[in-house]
Amino acid sequence: MIGIRWIDFDHIPDRLSGLIDLSYNLWSSWHPEAQMLFKNLNKQGWKESIHNPVLMLQQLPPEILQEGSENPEYTNQYDAVIAKFQRYMLAKNQWFTEYYPEHQRHKIAYFSAEYGLQHSLPFYAGGLGFLAGDHLKECSDLGVPVVAIGFMYSDGYLHQRIRSDGWQEDVEEKLDRDNAPIKRVLNKDGEQLILQVPFITPQIHFSIWRVDIGRIILYLIDTEIEQNPPHLRNISSRLYSSINEMRLLQEIVLGVGGTHLLHELGIQYSAIHLNEGHASFALVERFRQKVEAGLDPTEAWRQVKETSLFTTHTPVPAGHDKFPHWMLDKYFGQYYGALTMTRDEFLKAGSHQEDPPDMFNMAAFALRMSAYSNGVSVKHGEVARKMWHFLWPEEKLDDVPIGSITNGVHVPTWMNPRLIQLMNRYLSPICPDWLDHHDKDYVWALIDRIPDEKLWELHYNLKIKLINRILQFKRRDWMKYQADCANVVAGGALIDPNTLTIGFARRFSTYKRADLIFRDLDRIKKILNNPWKPVQIIFAGKAHPADDEGKRILQRIYQYAQQPEFGGRIAFIEDYGEQIAKYLVQGVDIWMNNPVPPLEASGTSGMKAAVNGVLNLSIGDGWWLEGYNKKNGWIFGDNQKNSGGDRDWEDAIELYDLLEKEIVPLYYDTNLDNVPHAWVQMMKETIKSNAPKFSARRMVKEYVHKYYIPAISCTECNNAFEPFH
Ligand SMILES: *Cc1c(COP(=O)(O)O)cnc(C)c1O
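A quick note: this is a predicted structure, and the numbers were derived from the prediction, not measured.

The next subject is the overall build of the protein chain. Scanning the protein chain from terminus to terminus reveals 30 helices and 21 strands. Against the 2.2 N^0.38 benchmark of 27 Å for 725 residues, the protein chain shows a C-alpha radius of gyration of 26 Å, consistent with a compact globule. Considering the protein chain as a whole, with its 725 residues, one finds that 61% of them fall into the buried category. The contacts of the protein chain with a sequence gap of at least 6 include a subset with a gap of at least 24, amounting to 74%. Side-chain charges in the protein chain split into 77 positive and 92 negative, and the spacing between the mean points of these groups amounts to 3 Å.

Written as structure tokens, this is what we have:
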């Protein structure tokens, strides 16, 4: 029996007891009415808990809860939200069950090293995590039977502080596990369940936490327990260790341990989806389990392959982990014995033509062991087929079996609730359940019914909201630390809501070229400081703690932001994360993106901007090659060129030309009513053309039709695998 240890909620009155379940389910994070339910209980408590309902409920004094339970206005709201939540959780007629009733019981085990779900859960580094989080939320909305595995990173948050010389400092913050929306998984005696990674030496133990994401359960592995010696406890402390051996340990625990966890919890599943190669060892553990259950090794290998999907997310070779054989031997020594496959056979399955012969490449292994694999945009699919052609030397390039499914974003998470409300007002009379069909073009075509000035007014308000957030933090720094003026300005104190605002926020990896727009300082100064048509840029993003080159780029930008000659029109917001991302993608006018092609496999922040009517100004790479339609934003840079000094220069010139000749004039071309109608037309066009196409709904449906159904349809693969329990 699996139990959940409840924290003390005795002070919650029975009348409001539904708040407990609701607070532990992230469903509330993408339903504004549920957020309001917590906020209306106590505004200050909601704010102080930084919108973490579990923490808030634990901290609220009983009187406030009692008061809420006796206030009819509040209890009415409560009843409505709880009823909606219960309807959602118990719904029988979801998309998946209607489309594939015969597959309701066939679960897909989804593995990812990171998940971006909500800001109180620091289990992400960037795009890969948000993609995984959005995928799970959408699977819940559509009723796709997924069970997910990941890590409980207790030191997941490295907060970013910028020193006054612009250097990034990484400030650690430990997660308070018992105050987060996660629950311990217990054994039948009510103790925390402790498992061991099978056959791996030395012994590694782990405990498990669960996160409820609507109807989907995500299990998180935690090695920070006393059963482990100190040097093994921190395997799950932090994302992506830069020490290779620690990284190997993480990937062993995620893949082998995660697969074992499903077995021990009695969770039956019919297919595996690997979100990137960090969990590739899941495939070998599944193979081992099948052989242990009595299957012939050749057949077991075939079955694992037929039921596995591998999604690759990066064309950067350094993005694929590899480990020397001696290192694997160190931990897999005993495991090889249990494999019924020789050590050499196993290791050979991880070879890569460009690696030394004694290296094990996680992506190569996953590709060899999965019948299904895909890249994350049309372009990335092409690049991946070229990159991995050597694995299928007998095939023509176009026949390399790596497909593509372009990424998408979870619309209810990223679209501003007030924009959803505005849409409701104008769309509902014609299409009342438009939000349920948000992957359909016809829904969004109705957006033309919204008058330009209404959309513009809302957009302006969201911009003010972003700016208020910036000012609030800078005012605090000013009062609390007497921050010097240059830093208050660099933090955005002179940002102005009536100025064309460009947003640029992403990890500071070198290939993303965050400083491209500063290639010609005189020219950019002129653009920013145009007295009649000024422009401002808001930057945000973290460099990886070990990436000094990334930190130097960030420092350069920060120093420009401090210089008086830029007029306070460059701002850098510290500590980019889920919350700042929302303010930015909903509140700026333009979302800029200028990586070196073809290194951006897809990108997703531009999609989040697009669903909010923020126009993309991007290099032709990743998703934008599919998203751009000449009417919904701008494309620049020639993606055939080689990288290097010249290419940066040429791309920068194109960017300046576009800004000066097209973008700035268009933005400031307003009527007497002060509305830039042509601009608003483009906003509508960008929502119309991009929201359905780059929704996680479209993406998940594609995964289901193209890969999940074929993988779970391998009936003999499932019959041969006895149900547990
Ligand atoms: C969406 C998102 C990302 C990924 O954005 P890219 O466009 O892929 O760089 C990274 N961080 C946060 C906080 C996000 O919300």
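Once that is clear, we can look at the site of the ligand. Within the structure, the ligand sits among 14 residues, and Gly 127, Lys 512, Thr 604, Ser 605 and Lys 608 are positioned closest to it. In this structure, an oxygen atom belonging to the ligand sits 2.5 Å away from a side-chain N or O atom of Ser 605. Taking Lys 608, its side chain carries an N or O atom lying 2.6 Å from an oxygen atom of the ligand. The protein chains hide 93% of the 390 Å² of surface that the ligand would expose on its own. Of all the secondary structure elements, the ones that give two or more residues to the shell around the ligand are α8 (127–142), α24 (578–587) and α25 (605–611). Taken together, the residues of the shell around the ligand sort by class into 4 nonpolar, 6 polar and 4 charged. When residues are assigned to domains, the shell around the ligand turns out to be shared by domain 2 (102–407 + 702–712) and domain 3 (426–694), each giving three or more.

Turning our attention to the UniProt feature "modified residue: N6-(pyridoxal phosphate)lysine" (unreviewed entry) in the protein chain. When the UniProt feature table is mapped onto this chain numbering, "modified residue: N6-(pyridoxal phosphate)lysine" (unreviewed entry) sits at Lys 608. Tracing the chain through its elements places Lys 608 in helix α25. Looking at Lys 608, the relative accessible area reads 6%, which means it is buried. Filtering out sequence-adjacent residues up to four positions away, Lys 608 remains in contact with Phe 130, Val 409, Trp 414 and Val 585.

By secondary structure assignment, the location of Pro 181 is in the loop between β5 (168–173) and β6 (183–186). Classification of Pro 181 by relative accessible area gives buried; the value is 2%. Each C-alpha atom of the pair Pro 181 and Val 144 lies 22 Å from the other, and the pair is 37 residues apart in sequence. Among all residues touching Pro 181, those that are not within four sequence positions of it are Ser 23, Tyr 24, Leu 26, Asn 52, Val 54, Gln 118, Ser 120, Leu 121 and Val 211.

A few words now on the nonpolar core. The biggest cluster of nonpolar side chains holds 141 residues, and the ones touching the most others in it are Val 144, Ile 182, Phe 281, Leu 328, Phe 332, Phe 346 and Trp 388. Two domains each put at least three residues into this core: domain 1 (2–90) and domain 2 (102–407 + 702–712). Setting aside its immediate chain neighbours within four residues, Val 144 contacts Trp 95, Phe 96, Cys 139, Ile 216, Val 700, Val 704 and Tyr 708. Of all hydrophobic cores here, the second largest spans 68 residues; its members include Phe 508, Phe 539, Ile 557 and Ala 691.

Before going further, it helps to examine the domain arrangement of the protein chain. The assigned domain composition of the protein chain is domain 1 (2–90), domain 2 (102–407 + 702–712) and domain 3 (426–694). Inter-centroid distance (C-alpha atoms) of domain 1 to domain 2 is 33 Å. Together domain 1 and domain 2 conceal approximately 2100 Å² of surface at their shared face, both sides included; 58% is due to carbon and sulfur atoms. In this structure, the connection of domain 1 to domain 2 is made through 0 salt bridges. Counting only elements with at least two residues in the side of domain 1 that touches domain 2, the list comes to β1 (3–4), α4 (53–59) and α6 (72–90). Looking at the side of domain 1 that touches domain 2, the element that brings in the most residues is α4, giving 3 residues. Looking at side-chain class alone, the side of domain 1 that touches domain 2 contains 13 nonpolar, 7 polar and 1 charged residues.

Under the feature "domain: DUF3417" (unreviewed entry), the UniProt entry names residues 12–121. Taken end to end, residues 12–121 is 56% helix and 5% strand, and its two terminal C-alpha atoms sit 24 Å from one another.

Let's shift gears to the side chain of Arg 288. Along the chain, Arg 288 falls in helix α11 (residues 281–292). Filtering out sequence-adjacent residues up to four positions away, Arg 288 remains in contact with Pro 198, Phe 199, Tyr 335, Ala 338 and Leu 339.

Quick look at the packing of aromatic side chains now. Two aromatic rings are characterised by how far apart their centres lie and by the angle between their planes. What the rule picks out here adds up to 42 aromatic pairs. On the numbers, 5.7 Å between centres and 85° between planes, the contact of Phe 346 with Phe 365 is edge-to-face. With Phe 346 in helix α14 (residues 343–348) and Phe 365 in helix α15 (residues 362–369), this residue pair connects regions lying 19 residues apart in the sequence. A relative accessible area of 0% means that Phe 346 is categorised as buried. Phe 365 sits in the buried class, given a relative accessible area of 1%. Among the aromatic residues, those joined into a ring-pair cluster are Phe 281, Phe 332, Tyr 335, Tyr 336, Phe 346, Phe 360 and Phe 365.

Attention now goes to the state of the cysteines. One pass over the structure, following the stated rule, counts 1 disulfide. Disulfide pairing is shown between Cys 714 and Cys 717; the S-S distance is 1.8 Å. Sign of the S-S torsion, about 55° for the bond between Cys 714 and Cys 717, identifies this disulfide as right-handed. For Cys 717, a relative accessible area of 0% translates into the label buried.

Turning to the pairing of strand β4 (residues 157–162), a few remarks are in order. Sheet topology places β4 next to β5; 6 bridges connect them, and they run antiparallel. Within the sheet, the bridge partner assigned to Gln 160 lies in β5 and is Asp 170. The hairpin formed by β4 and β5 contains 5 residues between the paired strands, and Gly 166 there has a positive phi angle of roughly 90°.

On average, residues of the protein chain carry a pLDDT of 94, and 97% of them reach 70 or more. Low pLDDT, under 50, characterises residues 1–5; the stretch is placed with 16 contacts to residues that sit more than four places away or in other chains. Predicted confidence is poor over residues 720–725, with pLDDT under 50, and the contacts of this stretch with residues over four places away or in other chains come to 11 contacts.

The next subject is the pairing of strand β14 (residues 372–375). A regular strand places its side chains on the two faces of the sheet in alternate fashion. By the alternation rule, side chains of β14 split into Tyr 372 and Asn 374 and Ser 373 and Gly 375, which are all buried. Where strand β11 (residues 308–311) and β14 come together, 3 bridges link them in parallel fashion. Each bridged residue has a counterpart across the sheet, and for Leu 309 the counterpart in β14 is Tyr 372. With 2 bridges joining them, β14 and strand β15 (residues 403–404) adopt parallel strand pairing. Across the sheet, the residue bridging to Asn 374 is Gly 403, located in β15. As a crossover connection, the stretch from β14 through helix α16 (residues 378–387) into β15 is right-handed.

Looking now at the packing of α11 against α15. In a packed pair of helices, the relevant descriptors are the angle between the two axes and the axis-to-axis distance. Contact geometry of α11 with α15 gives a least axis separation of 9 Å together with a crossing angle of 45°. Comparing their axes, α15 and α11 come out oblique. Here Phe 281, Leu 283, Val 284 and Phe 287 of α11 come into contact with α15, specifically with Met 362, Phe 365, Ala 366 and Met 369. Residues belonging to the contact of α11 with α15 are distributed by class as follows: 8 nonpolar, no polar and no charged.

What counts, and where the lines are drawn
Residues numbered from 1 in each chain as written. Predicted model: local features only at pLDDT ≥ 70, side-chain atom pairs only at ≥ 80, totals over all residues. Heavy atoms only, no water. Helix = DSSP H or I, 4+ residues; strand = E, 2+ residues; numbered from the N terminus. Rg over C-alpha atoms; globule rule 2.2 N^0.38 Å. Buried < 20%, exposed > 50% of the residue type's maximum accessible area, 1.4 Å probe, protein only. Contact = heavy atoms within 4.5 Å. Lys, Arg positive; Asp, Glu negative; His and termini not counted. Charge placed at Lys NZ, Arg CZ, Asp CG, Glu CD. Near = heavy atom within 4 Å. Polar contact = N/O pair within 3.5 Å; in protein donor to acceptor, adjacent residues only side chain to side chain. Areas by Shrake-Rupley, 256 points an atom, 1.4 Å probe, with all protein chains shown as cover. Nonpolar A, V, L, I, M, F, W, Y, C, P; charged D, E, K, R; others polar. Domains from an automatic or database assignment. UniProt positions renumbered as here; feature names shortened; annotations may be inferred. Core = buried A, V, L, I, M, F, W, Y, C linked by side-chain atoms within 4.5 Å. Buried area = accessible area lost by both parts, 1.4 Å probe. Salt bridge = Lys/Arg side-chain N within 4 Å of Asp/Glu carboxyl O. Phe/Tyr/Trp six-rings, centres within 6.5 Å; stacked < 30°, edge-to-face > 60°. Disulfide = S-S within 2.5 Å. Pairing = 2+ DSSP bridges. pLDDT = per-residue confidence, 0-100. Right-handed = clockwise from strand over helix to strand, strands pointing away. Axes fitted to C-alpha atoms, helices over the stretch in contact; angles between N-to-C directions. Parallel < 35°, antiparallel > 145°, perpendicular 65-115°, else oblique.

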